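Single-letter residue listing:
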Amino acid sequence: MVRAMGVNHIYGTGAAVPALVAAGVPIDDGRIRRAVRWLEDHQNPDGGWGEDPRSYVDPSAIGRGNSTASQTAWALLALHAAGERSLAVRRGVRFLVGSQRDDGGWDEPEYTGTGFPGDFYINYHLYRLVFPIMALARCAR
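Residues numbered from 1 in each chain as written. Predicted model: local features only at pLDDT ≥ 70, side-chain atom pairs only at ≥ 80, totals over all residues. Heavy atoms only, no water.

> Explain the packing of aromatic side chains to me, using residue names and the numbers behind them.
In the structure shown here, the tally under the stated rule is six aromatic pairs. Between Y11 and W74, the ring centres sit 4.9 Å apart and the planes meet at 75°, which makes this aromatic pair edge-to-face. Of this pair, Y11 sits in helix α1 (residues 8-22) while W74 is found in helix α3 (residues 69-81), placing the two residues 63 residues apart along the sequence. Taking the relative accessible area as the measure of exposure, Y11 reaches 21% and is therefore partly exposed. With centroids separated by 5.3 Å and ring planes inclined at 85°, the aromatic side chains of Y127 and F131 adopt a geometry described as edge-to-face. Placement of both Y127 and F131 in helix α5 (residues 127-139) is noted, with a separation of four residues, approximately one turn of the helix. Cluster of aromatic residues (ring-pair linked, three or more members): Y11, W74, Y124, Y127 and F131. (Phe/Tyr/Trp six-rings, centres within 6.5 Å; stacked < 30°, edge-to-face > 60°. Helix = DSSP H or I, 4+ residues; strand = E, 2+ residues; numbered from the N terminus. Buried < 20%, exposed > 50% of the residue type's maximum accessible area, 1.4 Å probe, protein only.)

Here it is, written out as structure tokens:
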């Protein structure tokens, strides 16, 4: 079985929060609120989010790295699912819009996909297209 996964805590939070909300966990639940706080605490000064794959082996890299389109989108999808319409969301949307290329795509040379943590990482070329478009569509509502 082939499993596509992203790097690491931002990806997990971006997947878990919408799943928990879809499963009926209220957005005011402590677990959801802690995830929101964690994302807000790890937002980069440019408004985006990024996490270096070294976060699998180096705790100081958890939630830290150059902002990327896909990782920013994962954070925005979680925040949106949690009912957030905050400054953090607006800053994330501005990052995506401001970093979008003229052809509609985004540059993302960073490895944001995980093959085997600690061993090899992948640059999924559609991550930088699909997830930002999903996030922008949801956050624009």
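> Hey, could you go over the side chain of D29 for me, with residue numbers and the actual values?
Checked against the element boundaries, D29 lands in the loop between α1 and α2 (30-41). At 2.8 Å, the side chain of D29 and the backbone nitrogen of R31 are in polar contact. (Polar contact = N/O pair within 3.5 Å; in protein donor to acceptor, adjacent residues only side chain to side chain.)

> Tell me about the pattern of salt bridges, and please be specific about residues and values.
The tally for this structure, following the rule as stated, stands at five salt bridges. The shortest N-O distance in the salt bridge between D52 and R54 comes to 2.8 Å. On the basis of relative accessibility, which here comes to 21%, the residue D52 falls in the partly exposed class. Linked through salt bridges whose partners overlap, the residues forming this network are R101, D103 and D107. (Salt bridge = Lys/Arg side-chain N within 4 Å of Asp/Glu carboxyl O.)

> How would you sum up the nonpolar core? Please name residues and give values.
In terms of nonpolar packing, the biggest core is built from 26 residues, with W49, L76 and L96 touching the most fellow members. Contributions of two or more residues to this core are made by α1, α2, α3, α4 (87-99) and α5. (Core = buried A, V, L, I, M, F, W, Y, C linked by side-chain atoms within 4.5 Å.)

> Just give me the short version of the side chain of T13, but keep the residues and values in it.
Take T13: it is sitting in helix α1. For T13, a relative accessible area of 14% puts it in the buried group.

> Run through the packing of α4 against α5, naming residues and quoting values.
Across the interface, α4 lies against α5 with an axial gap of 11 Å and an inter-helix angle of 135°. Put simply, α4 runs oblique to α5. Viewed along their axes, α4 and α5 form a crossing whose handedness is left-handed. Mapping the contact onto sequence places V89, V93, L96 and V97 in α4 and P132, A135, L136 and C139 in α5. Residues belonging to the contact of α4 with α5 are distributed by class as follows: eight nonpolar, no polar and no charged. (Axes fitted to C-alpha atoms, helices over the stretch in contact; angles between N-to-C directions. Parallel < 35°, antiparallel > 145°, perpendicular 65-115°, else oblique. Left-handed = near helix turned anticlockwise from the far one by under 90°. Contact = heavy atoms within 4.5 Å. Nonpolar A, V, L, I, M, F, W, Y, C, P; charged D, E, K, R; others polar.)

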